[in-house]
Amino acid sequence: MSTSADITATDYDTATDYDVVIVGGGPGGLAAAVALGRSLRSVLLVDAGQQRNLPSDAAHNVLGREGIAPAALLADGRREAAGYGVAFADTRAVDARRDGGGFVVDLEHGSSVRARRLVLATGLTDELPAIDGVRDGWGHSVLHCPYCHGYEVRGQRIGVIASVAPQAVHQSLLFSRLSPQTTLFTDGVDVDDAQRAELAVMGVTIVDGRVLRLQMDGIQVRSVVLTDRTHDVDAVVVGPRMVARGDLYERLGGELADHPMGRFVPSGPGGATPIEGVWAVGNAVDLAAMVASSAGSGVAVGAAVNADLLADDVRDRLAEPDRAPRNTVPSRPVEYPHGNH
Ligand SMILES: Cc1cc2nc3c(=O)[nH]c(=O)nc-3n(C[C@H](O)[C@H](O)[C@H](O)COP(=O)(O)OP(=O)(O)OC[C@H]3O[C@@H](n4cnc5c(N)ncnc54)[C@H](O)[C@@H]3O)c2cc1C
């Protein structure tokens, strides 16, 4: 699905040495773009348009924009970033490499762009369990996150499948707060007596036996089909393996770090990765990050990158006091996104 409702993405310039190229236009990348654009940095945002929550109708726990459609939030973010002069390339970045003091990023359709710093806001891939029906209902009636869509299924019949939810007991306990009709399908996973006692005291029903598939009606799950019976449900909870989209990071010489639930780009305070000049943000560095926290880390990374560029700016000016400062006030008036300044 394209997220470029208003801001089409052909206005980038292969001849420009951008201060920053941001790869990834989800909440993390867009927030970094706004912070850097407001700092009068020249920014190109490259995005392939596969933001993680696009399958869902609404995004929740997004302060001030509660329940907004994910695509609408992204379109607003793009408009805001564009208002501060950020350029867009709606394509995939296929390679990145160091070049002198900066980086060259190759884009899918053949052109290359140059940047002094690189921000990886590439998100992650949810590797869905191979149970028939899961993919059809993903983001609608097949869920993973109580904070994203738990409230929407409160009071309903919720089934947690232990074999494909690494923290199934914990998930079941969390969902039991939202519905007294929560069932844990053990599906061959050992649930010990202490865990069974915790689940029982919170009113979670435990169903042992192997799960064969989900019975779906379009995107709506109707039941969990086991080898010997069928249980009607309104929603199912699974836990995908979450793997940061780390190709570019690896091309630059980085290595993804292991996590019990997947793999991520390691980063320190302010989102700096072990590779000098490369920052990372959002789900790429934090598998548990949600929309607001991804955007929050985007602002922090934007500030950290601006400060890092400033150190170069100062050094350059000290070496060459007469040299014109680069990338100061834009030549065109900034169009503020909400027009009220
Ligand atoms: C089904 C579902 C529902 C969710 N609902 C909620 C919710 O209600 N509330 C909430 O707070 N969170 C929710 N989340 C979590 C939320 O989607 C993420 O926290 C958020 O999208 C992370 O933002 P991000 O910017 O790190 O990555 P993303 O939003 O995933 O954006 C990453 C972008 O980078 C692009 N990209 C990757 N590699 C490249 C490349 N090489 N070149 C160009 N572009 C590239 C991708 O195409 C994508 O557009 C949900 C997640 C799922 C799976």
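Keep in mind that what you see is a predicted model, and the values were worked out from it rather than measured.

Help me understand the side chain of Gln-51, please; the structure alone is not making it clear to me.
Within the element layout of this structure, Gln-51 appears in the loop between β2 (43–46) and α2 (70–83). There is a polar contact of 2.9 Å between the side chain of Gln-51 and the side chain of Asp-47.

How should I be thinking about the sheet that holds strand β13 (residues 220–226) in this particular structure?
Strand pairing in a sheet relies on backbone hydrogen bonds. The paired strands run either parallel or antiparallel. Taken in spatial order, the 3 strands of this open sheet run β12-β13-β14, and their pairing is antiparallel. Because the sheet does not close on itself, it has two edges, and the strands there are β12 (211–217) and β14 (230–232). Strand after strand, the sheet turns through a mean of 25 degrees between neighbouring axes, direction not considered. Here 6 bridges tie β12 to β13, and the two strands are oriented antiparallel to one another. Among the inter-strand pairings, Val-211 is bridged to a residue of β13, identified as Leu-226.

Just to check I follow, could you spell out the site of the ligand for this structure?
Near the ligand, the surroundings consist of 37 residues, among which Asp-47, His-60, Ala-93, Ala-289 and Val-291 are the closest. A distance of 3.5 Å separates an oxygen atom of the ligand from a polar atom in the backbone of Ala-121. At a separation of 2.8 Å, an oxygen atom of the ligand approaches a polar backbone atom of Val-291. The protein chains hide 98% of the 1000 Å² of surface that the ligand would expose on its own. Of the residues assigned to the shell around the ligand, the class counts are 13 nonpolar, 19 polar and 5 charged. In terms of domain composition, the shell around the ligand takes at least three residues from each of domain 1 (17–126 + 241–319) and domain 2 (129–237).

Quick question: what am I supposed to make of the domain arrangement of the protein here?
A common way to state how big an interface is: give the accessible area lost once the parts meet. For the protein, the assigned domains are domain 1 (17–126 + 241–319) and domain 2 (129–237). Contact residues are listed per partner, giving 9 residues for domain 1 and 11 residues for domain 2. Overall, the association of domain 1 and domain 2 removes approximately 800 Å² of surface from exposure, summing both partners, and the carbon and sulfur fraction of that is 55%. Our count for the contact surface shared by domain 1 and domain 2 stands at 0 salt bridges. At the junction of domain 1 with domain 2, the criterion picks out 5 residue pairs in polar contact (both at pLDDT 80 or more). Of the residues that constitute the side of domain 1 that touches domain 2, the class distribution is 3 nonpolar, 3 polar and 3 charged.

How do you make sense of the pattern of salt bridges when you look at a structure like this?
Proximity of charged atoms lets side chains of opposite charge pair with each other. Throughout the structure, instances matching the rule amount to 23 salt bridges. Between Arg-116 and Asp-19 there is a salt bridge, with the nearest N and O atoms lying 2.8 Å from each other. Remark: Asp-19 occurs in strand β1 (residues 17–23) and Arg-116 occurs in strand β6 (residues 112–120); sequence separation between them is 97 residues. Counted as one network, the salt bridges with shared partners bring together Arg-117, Asp-308, Asp-312, Arg-315 and Asp-316.

Mind showing me how you'd approach a negative patch on the surface here?
A surface patch of like charges, here negative, comprises Asp-190, Asp-192, Asp-193 and Glu-198. Position of Asp-193 relative to the elements: it lies in helix α6 (residues 193–201). When its relative accessible area of 67% is taken as the criterion, Asp-193 is described as exposed.

Got a minute to help me understand the nonpolar core in this structure?
Note that soluble globular proteins tend to have their nonpolar side chains buried in a common cluster. Within the largest apolar cluster, 28 residues are counted, with the highest numbers of intra-cluster contacts made by Val-21, Leu-44 and Leu-118. Only β1, β2, β3 (87–89), β4 (93–99), β5 (102–107), β6, α7 (247–251) and β19 (278–280) provide two or more residues apiece to this core. Among the elements that take part in this core, β6 stands out by supplying 4 residues, more than any other. Ignoring sequence-local partners within four residues, the contact set of Val-21 consists of Leu-44, Val-46, Val-105, Val-113, Arg-114, Ala-115, Arg-117, Leu-118 and Val-119. Counting residues in hydrophobic clusters, the runner-up holds 22 residues, among them Val-43, Leu-45, Leu-54 and Val-119.

About the cut-offs
Residues numbered from 1 in each chain as written. Predicted model: local features only at pLDDT ≥ 70, side-chain atom pairs only at ≥ 80, totals over all residues. Heavy atoms only, no water. Helix = DSSP H or I, 4+ residues; strand = E, 2+ residues; numbered from the N terminus. Polar contact = N/O pair within 3.5 Å; in protein donor to acceptor, adjacent residues only side chain to side chain. Pairing = 2+ DSSP bridges. Axes fitted to C-alpha atoms, helices over the stretch in contact; angles between N-to-C directions. Near = heavy atom within 4 Å. Areas by Shrake-Rupley, 256 points an atom, 1.4 Å probe, with all protein chains shown as cover. Nonpolar A, V, L, I, M, F, W, Y, C, P; charged D, E, K, R; others polar. Domains from an automatic or database assignment. Contact = heavy atoms within 4.5 Å. Buried area = accessible area lost by both parts, 1.4 Å probe. Salt bridge = Lys/Arg side-chain N within 4 Å of Asp/Glu carboxyl O. Patch = residues over 30% accessible without salt bridge, like charges linked within 9 Å, V, L, I, M, F, W, Y side chains within 5 Å. Lys, Arg positive; Asp, Glu negative; His and termini not counted. Charge placed at Lys NZ, Arg CZ, Asp CG, Glu CD. Buried < 20%, exposed > 50% of the residue type's maximum accessible area, 1.4 Å probe, protein only. Core = buried A, V, L, I, M, F, W, Y, C linked by side-chain atoms within 4.5 Å.

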